[in-house]
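# Residue-level structural notes
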Amino acid sequence: MTLANIMKLALRQLDEAAEDIAEYDELFRSYANMGYMIALRLFLKPRETFELTTDDQGRADISALPVMRVVDMRNAQGRPVRFSISADGRAIGTEEKNTAVQALCEVERPALEADTDEPELPQYAHPALADYICYRHLSSGNLAKQSRAEFFRQSFYQQMRTLIPQGAGSVTQLRNLYAVTDARYRR
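Residues numbered from 1 in each chain as written. Predicted model: local features only at pLDDT ≥ 70, side-chain atom pairs only at ≥ 80, totals over all residues. Heavy atoms only, no water.

## Side note on the pattern of salt bridges
Where we set the bar: Just to be clear on terms, a salt bridge is a Lys or Arg side-chain nitrogen sitting within 4 Å of an Asp or Glu carboxyl oxygen. To qualify as a helix, a DSSP run of H or I must reach at least 4 residues; to qualify as a strand, a run of E must reach at least 2; elements of each kind are numbered from the N terminus. Exposed residues in this analysis have more than 50% of their type's maximum accessible area, buried residues have under 20%, and partly exposed residues fall in between, with area computed by a 1.4 Å probe over protein chains only.
Scanning the model with the defined rule gives 10 salt bridges in all. Residue Arg 148 is joined to Asp 15 by a salt bridge in which the shortest nitrogen-to-oxygen separation is 3.8 Å. In this pair, Arg 148 sits in helix α4 (residues 143-160) while Asp 15 sits in the loop between α1 (3-13) and α2 (21-44), placing the two residues 133 residues apart along the sequence. The exposed category is assigned to Asp 15, whose relative accessible area is 65%. One salt bridge connects Arg 82 with Glu 95, and the closest N-O pair in it is separated by 3.2 Å. Pair noted here: Arg 82 is in the loop between β3 (67-75) and β4 (83-85) and Glu 95 is in the loop between β5 (91-94) and β6 (100-107), with a separation of 13 residues, a long-range link. Salt bridges sharing common partners tie together Asp 25, Arg 29 and Asp 115.

In structure tokens form, the structure reads like this:
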């Protein structure tokens, strides 16, 4: 669904006329993007791998990248590299100096701005953004509207819980493996 379709669905769910979209346009775009960011950051957690080059101090600049969190780092031979993020979040420090490294990162996605923009969510989760719009729109109303808003909030979060984060189920470290997998010997 496009952003325009999501906003029209929200209008229908609120029992408003489709012609009134101009009246709600700015507000609904804002609510749709709030729901979209919740979906991405808390539930889907999209990942990308970036090819970085470290300097002579072992630092790689990530200030121009949409990085939310660095998950893993590997050197050119595919071996794990220990890393730390600078205090300002603009660089990654490693022991690898003047070399290429690959960083697997959770990334941010751009906001939905144009009517033709589609959220980078599975197709089945797109209507949940309309639920989020309805929830936010009704939540500041009287008690009856707030009760209705609660239905839309629950619907949104129920749909979000069905999203599987990228990389879910993979073990990235062997430390405390049995605590992670609960694969202990039992009689």
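## Observations concerning α4
Here is the rule we go by: Between the first and last residue of a helix there are one fewer steps than residues, each counted as 1.5 Å, and that sum is the expected span. What the arc describes is the spread of directions from the helix axis to the C-beta atoms. Every residue pair with non-hydrogen atoms within 4.5 Å of one another is taken to be in contact.
The terminal C-alpha atoms of α4, which comprises 18 residues, lie 26 Å apart, in line with the 26 Å expected from a rise of 1.5 Å per residue. Listing the buried residues of α4 in full gives Ala 149, Phe 152, Phe 156 and Met 160. One side of α4 holds all its buried residues, which, seen down the axis, span an arc of 80°. In this structure, α4 carries Leu 143, Ala 144, Ser 147, Phe 151 and Gln 158 as exposed residues pointing more than 90 degrees from its buried face. On its buried face, α4 is in contact with α1, α2 and α3 (126-138).

## Concerning α2
Spelled out, the test is: Throughout, the bend at a residue refers to the angle made by two axes, fitted to the seven residues ending there and to the seven starting there.
Over its 24 residues, α2 extends only 29 Å from the first C-alpha to the last, a length that falls short of the 34 Å expected when each residue adds 1.5 Å. Along its length, α2 reaches its greatest deviation from straightness, about 40°, at Leu 27. Immediately downstream of α2, the backbone of Lys 45 shows phi near 50°, a positive value.

## Details of the nonpolar core
Spelled out, the test is: As used in this record, nonpolar core signifies buried Ala, Val, Leu, Ile, Met, Phe, Trp, Tyr and Cys residues forming a set joined through side-chain atoms within 4.5 Å.
Membership of the largest hydrophobic core comes to 33 residues, with the highest contact counts inside it found for Phe 28, Tyr 36, Leu 121, Leu 129, Ile 133, Phe 156 and Met 160. Only α1, α2, α3 and α4 provide two or more residues apiece to this core. Looking at this core, the element that brings in the most residues is α2, giving 11 residues. Non-local contacts of Tyr 36, meaning those with residues more than four positions away in its chain, are made with Arg 109, Pro 110, Leu 112, Pro 119, Glu 120, Leu 121 and Leu 129. Phe 50, Ala 60, Ile 62 and Met 73 belong to the second largest nonpolar core, which has 13 residues in total.

## Looking at the sheet that holds β6
For clarity, the cut-off: By the convention used here, strands pair only if DSSP detects at least 2 bridges between them. Fitted lines through C-alpha atoms give the axes, limited to the stretch in contact for helices. The angle between two N-to-C directions lies from 0 to 180 degrees.
Spatially, the 3 strands line up as an open sheet ordered β1-β6-β3, and their pairing is antiparallel. The open sheet is flanked by β1 (47-53) and β3, the only strands paired with a single partner. Strand-to-strand, the axes of this sheet are offset by a mean angle of 30°, without reference to chain direction. Note: β3 against β6, 7 bridges, orientation antiparallel.

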